Structure formats: C-alpha cells, structure tokens
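Results of the structural survey
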Amino acid sequence: PEDTVTGSFASFISAARPEHLSQTVRQRSKRMILDSLGVGLVGSTTRVFDIALRYCRLYPSVAVSSVYGKPGVKLSPTLAAFTNGVATHSMDFDDTWHPATHPSGAVLPALLAASQMLPPNTKPNGLDFLLAFNVGLEVQGRLMHFSTEAHDIPKRFHPPSVVGTLGSAAATAKLLSLSSAQCCHALGIAASLAGAPMANAATQAKPLHVGNATRLGLEAALLAARGMEANPLILDDIPGCSGFSAFYGVYQPKPLPAPGQRHEFLLEKQDIAFKRFPAHLGMHWVVDAALSVRNLFVNHAGSFSPSLIRSIMLKIPVSKYINRPFPSSEHQARHSFQFNACAALLDGEVGLASFSESSIQRRELRELLDKVVVEHPEDNVANFDKMYGEVALLLHTGDVLTGKCDTFYGHWRNPLSKESLLKKFRSNASHVLPEEKIETIITLVDNLENLSDSSQL
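All values reported here derive from a predicted model rather than from experimental measurement.

We now examine the domain arrangement of the protein chain. What the domain assignment lists for the protein chain is domain 1 (5-273 + 418-456) and domain 2 (281-405). With centres defined by C-alpha atoms, the gap from domain 1 to domain 2 works out at 33 Å. Counting residues at the interface gives 20 residues for domain 1 and 16 residues for domain 2. For the pair domain 1 and domain 2, the summed buried surface comes to about 1600 Å²; carbon and sulfur atoms form 65% of the total. Considering only the side of domain 1, the residues that lose the most area to domain 2 are M91, I153 and A202, jointly responsible for 39% of the buried surface there. Inspection of the domain 1/domain 2 interface yields 0 salt bridges.

Now the structure itself:
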C-alpha cells in the first residue's frame, strides 16, 4: 500500500519527473557526475581496479557496457557497473554527503551500464539520466536520515554498501521506467544484497563496497523488472521482524512525500563534499590544519625544518579505523590522521603521489610520525558536520604553533569553485584520456539535459 514507508518510496521513484528538479539540484548533481567520472578514470590506473577487471573478464558474457579508462573493453552491464564502482572508490577520492556516505559512486556506474544495455530505440535521454541519478541520491539521503546513528562516522558497516545499494536500485528502476510495484520489489531485493563491515576499511577490499553497491542495485532492479518479488514493507519498522532496520539500532522511518510542491530534494538543502586529494574525508580537516600551521612555522623559522619540532599534537575525533599511527600501505595511509598531517607538514601538500610506497616509507616522514601525540577533545565529535582538526607543533625552543580547521575547502559549507572542480577533473582524466576527449566529457555533462542519448557518456 502507498501509505506505508516502502510504498511511499516506490511511488516517489515511479512518479518523479524532470520538472521536479530545480536548477540548483541539476547543477549540483552535474558537478557530482563530472567529479565521479574523473575519479573513476584515474581510479582505473590502480592495482585494485586491475584485480577487479581481470576477475570480471573470467566470465564470457554479452559485453555491451564500457569500462573506465579502457577504450575498446566492454563487459556485461552488471560487471561493468561493478568494475567502474571499484575504480570510483579505489583511491577514496569520491564525493561524500552528510549523513556519511559516498553517493555518486553507488549510482553513476549502474546508470552508465544500463544506458548502454538498452536497445537503440529505448535509450534514455540526458534529462532522463539526470532524473534517475537524482532519484538514486534522494533515496540514499532519506534512508540515512532514518537513524541518528548514521550522522556519525560509521563504526559497524560502510554506508555506501547499504544505502548505496538501494540508491542504485532506485536509480536504475527509474531509468528502466519500472512500475511502482516493481520499484517496491527492487528496494526489497536490494536490501537482501546490502552490507559490508567497517573492518575492511583501509584495505583493498573497501573499494568493493562501492562496486558491489552499484552492481547489486542494478541487479535488484533487473530482477524486479523480470517479476521477482520481495517484502513490500522492507523499509517500514515492523516489530519483531527486521527489514532495513537490521542495519541500525535506532530506526525511525518516515514516508517520502510525493514529488512536486510538497517535496524538496535533499540536494537542494545541502551540497556535497568534493575531495581535493585521494583520502578519507576526515583527513581533509587535519591536512588543512597542518598546512595552516606549516605556514606559521615557515614565517617563524624561515623554512620548514623538522629537527626544530619536539612533538606534534593532533586533536581529532575518536574513530578507530582512521586513527593509524604508522600506516604501512597506501590504503592504510589514506585512512590515517597521523600520516596525512605529517605528509602535509613535510611536503606542503597532499596529492596522488603522497600515497606511493616510496612516499609512505620515507625516513623523514617516519621521523615525524614518531613525534605525533593524539588527543580526543570532548567537543570534537566524529561527525562530518561538526568535527574539526587541530595540529599543534611544540618546538624545542618552547614555542607552540597551532593550526585549526573546522570547514575545509571542498566541504559542503565551503564548496569547490567551478574552476577548482574542472581542474580536478582534468587532472584526473588526463591519466587515461587525451585532452580533446576530456573537453568533450565536460561539454556533455554541462549540457546533459540536452543530450538525446545518455549512453554517449
């Protein structure tokens, strides 16, 4: 029934129309699509992507969907979605929302694969594609608001593996024009395919969370389209029988208003965080704080000299999986407050090269890591909307220099400019594409509403 929470979500997915997207929502979501494409393209150069691609090529299939960074290589739609999802999260370089999840990587690869899968006379146009993308975002965001637990940095499961799977199912269901009943079943099927533990953060397995989310959501929609059914109350809070509430101790679902005058997309209210360097979002606070105190140090001493530093104090929130004093791999380094602060202090920047094995193992960096002391102030909560990063240098002279950041450049409260976003995309895409193709993608995304065939992407 439509008066259930699950029914309201299904009705929303089915009833959403392009005219329900405001200009703000369109522009913000196009920025997300462009950034996600660039992150996926540079992600196609990583070892974990190569492993995933070699695995997928074990399976002969109807190869119709493209693979990031691999001209001429095609896979089945679900395997292409999986591989491109892995690429998107392979460097932890993809966008982040609040409550915490990576929304684009869980949706975009599924839509790209599905748009290539459809016969020529049924290809969705660019406006259909943009609407489906936003439906996938909206479902993720609404689900994240059902529990107060979701507002903090996660401890038990990686959010994109849960809300992202349902977001992918919703987006694909919209692109395929499924009925309200089929959308309902797609959400139910997706819930049975969702979930990944946080223990695999900072390992090569973490990118699989996003790869599986986008792939399995696509599969859920395809199964629903072919008649598979699931619990029509999967999002409702049914005492004694967990549905989506299985993922949360505190769960208070609310119906999703019908699109139109009574509904405002969450993306209208809150922008997305875009990362300037490839690491866990929490690292961006400590890096900006470290760069700030580094400037003070250079002004104080004339140059940056690590030998003058007695200790480095980090004031960070409590979050076990990103508190890593001595990371030994690129994935651990991307999830280490200590490493990112020290890399910023030593080099004056953090970028792609910062996470190479040679960079991680530098003697100068290890010596700085030895000087780090961590504090967890009570007011510094593990929440991407409330946390801050503080880096203090205690010098041998007794002087103390302090840098603090409560809103880094790229956060939704301080979004990247158009110029910065384009610079990031061009830099990422240049690892695998020539300049003319890079500019073509920028033009296609910027004019997505006017694209007659979205599979051109």
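To find the voids left in a structure, one rolls a probe of water-molecule size over its atoms. Within this model, the largest pocket holds a volume of roughly 580 Å³. For the lining of the largest pocket, the secondary-structure elements that each account for two or more residues are α2 (23-43), α5 (108-117) and α17 (435-446). Grouping the amino acids of the lining of the largest pocket by side-chain chemistry returns 12 nonpolar, 10 polar and 3 charged. One number sums up the size of the second largest pocket: a volume of about 320 Å³. In terms of lining, the second largest pocket is formed by 15 residues, of which the most central are F93, R276, K423, K424 and S427. A breakdown of the residues in the lining of the second largest pocket according to their chemical character gives 6 nonpolar, 5 polar and 4 charged. Two domains each provide a minimum of three residues to the lining of the second largest pocket, namely domain 1 (5-273 + 418-456) and domain 2 (281-405).

Below, the discussion takes up the UniProt feature "domain: MmgE/PrpD C-terminal" (unreviewed entry) in the protein chain. Mapped onto this numbering, the UniProt entry annotates "domain: MmgE/PrpD C-terminal" (unreviewed entry) at residues 277-449. Spanning residues 277-449, this segment combines 40% helix with 14% strand, and its end C-alpha atoms are found 30 Å apart.

Pairing within the open sheet is mixed, and its 4 strands lie in the order β4-β3-β5-β6. At either end of the open sheet lies a strand with only one pairing partner, and these are β4 (372-375) and β6 (400-405). The mean inter-strand angle of the sheet, taken between neighbouring strand axes irrespective of direction, is 20 degrees. Bridge count between strand β5 (residues 389-395) and β6: 6 bridges; the pairing is antiparallel. Residue pairing for β6: A392 is matched across the bridge by T402. Against the sheet, helix α11 (residues 283-301) touches β3 (309-315), β5 and β6, its axis set at about 145 degrees to β6.

Cut-offs used in this document
- Residues numbered from 1 in each chain as written.
- Predicted model: local features only at pLDDT ≥ 70, side-chain atom pairs only at ≥ 80, totals over all residues.
- Heavy atoms only, no water.
- Domains from an automatic or database assignment.
- Contact = heavy atoms within 4.5 Å.
- Buried area = accessible area lost by both parts, 1.4 Å probe.
- Salt bridge = Lys/Arg side-chain N within 4 Å of Asp/Glu carboxyl O.
- 1 Å grid on protein atoms, 1.4 Å probe; cavity = no way out; pocket = protein on both sides within 12 Å on 5 of 7 lines; lining within 4 Å.
- Points joined across faces, edges and corners; volume = space filled by probe spheres on them.
- Helix = DSSP H or I, 4+ residues; strand = E, 2+ residues; numbered from the N terminus.
- Nonpolar A, V, L, I, M, F, W, Y, C, P; charged D, E, K, R; others polar.
- UniProt positions renumbered as here; feature names shortened; annotations may be inferred.
- Pairing = 2+ DSSP bridges.
- Axes fitted to C-alpha atoms, helices over the stretch in contact; angles between N-to-C directions.

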